[in-house]
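Letter by letter, the chains look like this.
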Amino acid sequence: MTTGNSKLFDKRYGLLLFAIALWIWIGYSILSHTTRHIIKATIIQSAKPIRSIDDPLVPIKKEVLWIDKLYFSKGNELRHPLYGYLGYRHDFVIHFDAKFSLAKREPVRFIIYSDDGFRLKIDGKEVMEYPKDRPFSKSEKEVVLPKGEHTLYIKYFQGFGQLGIVGYYQEGSKRHLIGQDGEALHFEEQ
């Protein structure tokens, strides 16, 4: 024998289950689209044309993003896998800052593909650069780094035309995007 209105109970129970499922889905969506703070990318748009890495800027817009890997693919507009298109097409600079540690002393090869120029520094010392305008091209340099903590800084500039910057490092024969952990090299969350 049943008492009360079982249909009303079923609707309320169903609505409660739906609300819980929606809450879980929203929480998952937020967490899965939130990046770790590995690389700080400071983008500065200039009102004045930029033709080399050291050209003076006339800032008209500044934006700071946190990214998990140095991967801005080749194209006509700045785009990152986490953020999509960012609206930058010409005359801007990006300062990338990251910290990493090495578990042992070893040679690390840095590989930068860029259009236009860049400057890479490790622990404040210049490792390599291409200071002028160029099509999407590769630069690489191997450095022996001691065990311990290190800083990585890349200044990238885009004048006009095609753009993009993608950075890798290589431990032995394994290549990783800058920002992603390897066997001995680990990036620190900031």
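Residues numbered from 1 in each chain as written. Predicted model: local features only at pLDDT ≥ 70, side-chain atom pairs only at ≥ 80, totals over all residues. Heavy atoms only, no water.

Some details on the packing of aromatic side chains
Enumeration according to the criterion identifies seven aromatic pairs in this entry. Summarising the aromatic geometry, the rings of Tyr 113 and Phe 136 are spaced 6.0 Å apart at their centres and angled 15 degrees between planes, so their arrangement reads as stacked. In this pair, Tyr 113 sits in strand β7 (residues 106-115) while Phe 136 sits in the loop between β9 (125-130) and β10 (137-145), placing the two residues 23 residues apart along the sequence. Classification of Tyr 113 by relative accessible area gives partly exposed; the value is 21%. (Phe/Tyr/Trp six-rings, centres within 6.5 Å; stacked < 30°, edge-to-face > 60°. Helix = DSSP H or I, 4+ residues; strand = E, 2+ residues; numbered from the N terminus. Buried < 20%, exposed > 50% of the residue type's maximum accessible area, 1.4 Å probe, protein only.)

Considering the nonpolar core
Core analysis: the biggest nonpolar cluster contains 37 residues, and Phe 96, Phe 110, Ile 154 and Ile 178 have the highest contact counts within it. Here this core takes six residues from strand β6 (residues 92-102), the largest share from any one element. With residues near it in sequence (within four places) discarded, Ile 178 still touches Ile 39, Asp 68, Lys 69, Leu 70, Phe 110, Ile 112, Leu 152, Ile 154, Gly 167, Tyr 168, Tyr 169 and Phe 187. (Core = buried A, V, L, I, M, F, W, Y, C linked by side-chain atoms within 4.5 Å. Contact = heavy atoms within 4.5 Å.)

Side note on the environment of His 150
Counting through the fold element by element, His 150 comes out in strand β11 (residues 148-158). Residues His 150 and Phe 100 lie 50 residues apart in sequence; the distance between their C-alpha atoms is 5.3 Å. In this view, His 150 contacts Ala 98, Lys 99, Phe 100, Leu 102, Asp 123 and Leu 145; residues no more than four positions away in its chain are not counted. Polar contacts involving the side chain of His 150 include one to the side chain of Asp 123, which spans 2.6 Å. (Polar contact = N/O pair within 3.5 Å; in protein donor to acceptor, adjacent residues only side chain to side chain.)

Some thoughts on the side chain of Glu 106
Tracing the backbone through its elements, the reader meets Glu 106 in strand β7. Despite being buried, Glu 106 has no salt bridge partner; Lys 104 is the closest side chain of opposite charge, sitting 4.0 Å away. (Lys, Arg positive; Asp, Glu negative; His and termini not counted. Salt bridge = Lys/Arg side-chain N within 4 Å of Asp/Glu carboxyl O.)

Things to note about unusual backbone geometry
We note that Asp 91 has phi near 50 degrees; this positive angle belongs to a residue other than glycine. Counting through the fold element by element, Asp 91 comes out in the loop between β5 (84-85) and β6. A positive phi is found at Asp 123, a non-glycine position, where the angle reads about 55 degrees. Looking at the element boundaries, Asp 123 is found in the loop between β8 (118-122) and β9. On the accessibility criterion, Asp 123 (35% relative accessible area) is partly exposed.

What about the pattern of salt bridges?
Here the structure, examined in full by the defined rule, presents nine salt bridges. A salt bridge links Lys 138 to Glu 140; the shortest N-O distance between them is 3.1 Å. Residue classification places Lys 138 among the partly exposed positions, given a relative accessible area of 41%. Look at Glu 140 and you get partly exposed, because its relative accessible area is 35%. Residues joined in a network through salt bridges with shared partners are Asp 54, Arg 119, Glu 126 and Glu 129.

As for the environment of Leu 185
By secondary structure assignment, the location of Leu 185 is in strand β14 (residues 185-187). Along the primary structure Leu 185 and Gly 172 are separated by 13 residues, whereas in three dimensions their C-alpha atoms are 12 Å apart. Leave out the neighbours within four places in its chain, and Leu 185 touches Phe 100, Ser 101, Leu 102, Val 108, Tyr 169 and Glu 171.

Details of the environment of Tyr 130
Residue placement: Tyr 130 occurs in strand β9. In this structure the C-alpha to C-alpha distance between Tyr 130 and Gly 117, which are 13 residues apart in sequence, comes to 5.0 Å. Apart from residues lying up to four places away in sequence, Tyr 130 is in contact with Gly 117 and Phe 118.

Concerning the pairing of β7
Judged by how many residues are buried, β7 sits mostly within the fold: seven of ten residues are covered. Two elements, β7 and β10, share nine bridges in a ladder whose sense is antiparallel. Counted as the bridge partner of Pro 107 is Val 144 from β10. Where β7 meets strand β12 (residues 163-171), seven bridges bridge the pair, whose relative direction is antiparallel. When the sheet's bridge partners are listed, Ser 114 is paired in β12 with Ile 165. (Pairing = 2+ DSSP bridges.)

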